[in-house]
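Coordinate inspection notes
Single-letter residue listing:
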Amino acid sequence: MGEASREEYKIQSFDAETQHLLKTALKDPGAVDLEKVANVIVDHSLQDCVFSKEAGRMCYAIIQVNNMPMMALVNPVYDCLFRLAQPDSLSQEEEVDCLVLQLHRVGEQLEKMNGQRMDELFVLIRDGFLLPSGLSSLAQLLLLEIIEFRAAGWKTTPAAHKYYYSEVSD
């Protein structure tokens, strides 16, 4: 199954009008209201956490086409990340993994566009790490890794890479 077929399949849960909006946004972001697209994606992500990973990929694809400005997506993406940083979400490894993955992908760009919100998000992440109520060891490790990743200027230092990934590669 090709990449385009997979994309279409994953938006089948939307009504026909919304599917058309999303397909157009993926092909030509300048032809649609990106804020509307972002709100549709965020609303669906908040209702269906399984869709959140696909939502992140869709947003990433939309902002890469023709170097379109990400401004319309900044606040909705932050809203999703804030939802994933809430204590009830941090207790779910899959949601922590999604949060960390998205921050690795677009964290640096988001911070450039709204550093204050990134600071607020990392207060939640830090508190979630420091006050673990029901956090698994993997969730704690992922949170610590993203805290250090941001502190190092959105880069993985050699020491951090060895610490976090040596078990995986052995």
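Everything below is about the structure shown above.
Anyway, here's the lowdown on the structure attached to this text. (Residues numbered from 1 in each chain as written. Predicted model: local features only at pLDDT ≥ 70, side-chain atom pairs only at ≥ 80, totals over all residues. Heavy atoms only, no water.)

A few words now on the nonpolar core. With 43 residues, the main nonpolar core has Ile41, Leu99, Leu103 and Ile125 as its most contacted residues. When contributions to this core are tallied by element, the ones reaching two or more residues are helix H2 (16–27), helix H3 (34–47), helix H4 (51–64), helix H5 (71–84), helix H7 (93–113), helix H8 (115–130) and helix H9 (137–151). Residue contacts for Leu99: discarding those within four places in its chain leaves Leu81, Leu84, Ala85, Leu90, Ile125 and Leu143. (Core = buried A, V, L, I, M, F, W, Y, C linked by side-chain atoms within 4.5 Å. Buried < 20%, exposed > 50% of the residue type's maximum accessible area, 1.4 Å probe, protein only. Helix = DSSP H or I, 4+ residues; strand = E, 2+ residues; numbered from the N terminus. Contact = heavy atoms within 4.5 Å.)

Another aspect to go through is the packing of H3 against H4. Their axes nearest at 9 Å, the elements H3 and H4 cross at an angle of 165°. With respect to H4, the element H3 is oriented roughly antiparallel. Every pair of crossing elements has a handedness; the one defined by H3 and H4 is left-handed. Where H3 abuts H4, its residues Leu34, Val37, Ile41, His44 and Ser45 lie against Phe51, Ser52, Ala55, Met58, Cys59 and Ile62. Of the residues that constitute the contact of H3 with H4, the class distribution is eight nonpolar, three polar and no charged. (Axes fitted to C-alpha atoms, helices over the stretch in contact; angles between N-to-C directions. Parallel < 35°, antiparallel > 145°, perpendicular 65-115°, else oblique. Left-handed = near helix turned anticlockwise from the far one by under 90°. Nonpolar A, V, L, I, M, F, W, Y, C, P; charged D, E, K, R; others polar.)

Below, the discussion takes up empty space enclosed by the protein. A complete count under the given rule lists one cavity of 30 Å³ or more for this structure. Considered as a void within the structure, the largest cavity measures approximately 200 Å³ in volume. Lining the largest cavity are 19 residues, and of these Ala55, Gly56, Cys59, Val77 and Gln102 lie nearest its centre. Contributions of two or more residues to the lining of the largest cavity are made by H3, H4, H5 and H7. (1 Å grid on protein atoms, 1.4 Å probe; cavity = no way out; pocket = protein on both sides within 12 Å on 5 of 7 lines; lining within 4 Å. Points joined across faces, edges and corners; volume = space filled by probe spheres on them.)

What follows concerns the layout of surface pockets. Each pocket or cavity is described by its volume, and for the largest pocket that value is around 150 Å³. What lines the largest pocket is a set of 11 residues, and nearest its centre among them are Lys10, Asp48, Val50, Phe51 and Glu54. Breaking the lining of the largest pocket down by element, the ones donating at least two residues are helix H1 (3–10) and H4. Per element, the largest residue contribution to the lining of the largest pocket is four residues, and it comes from H4.

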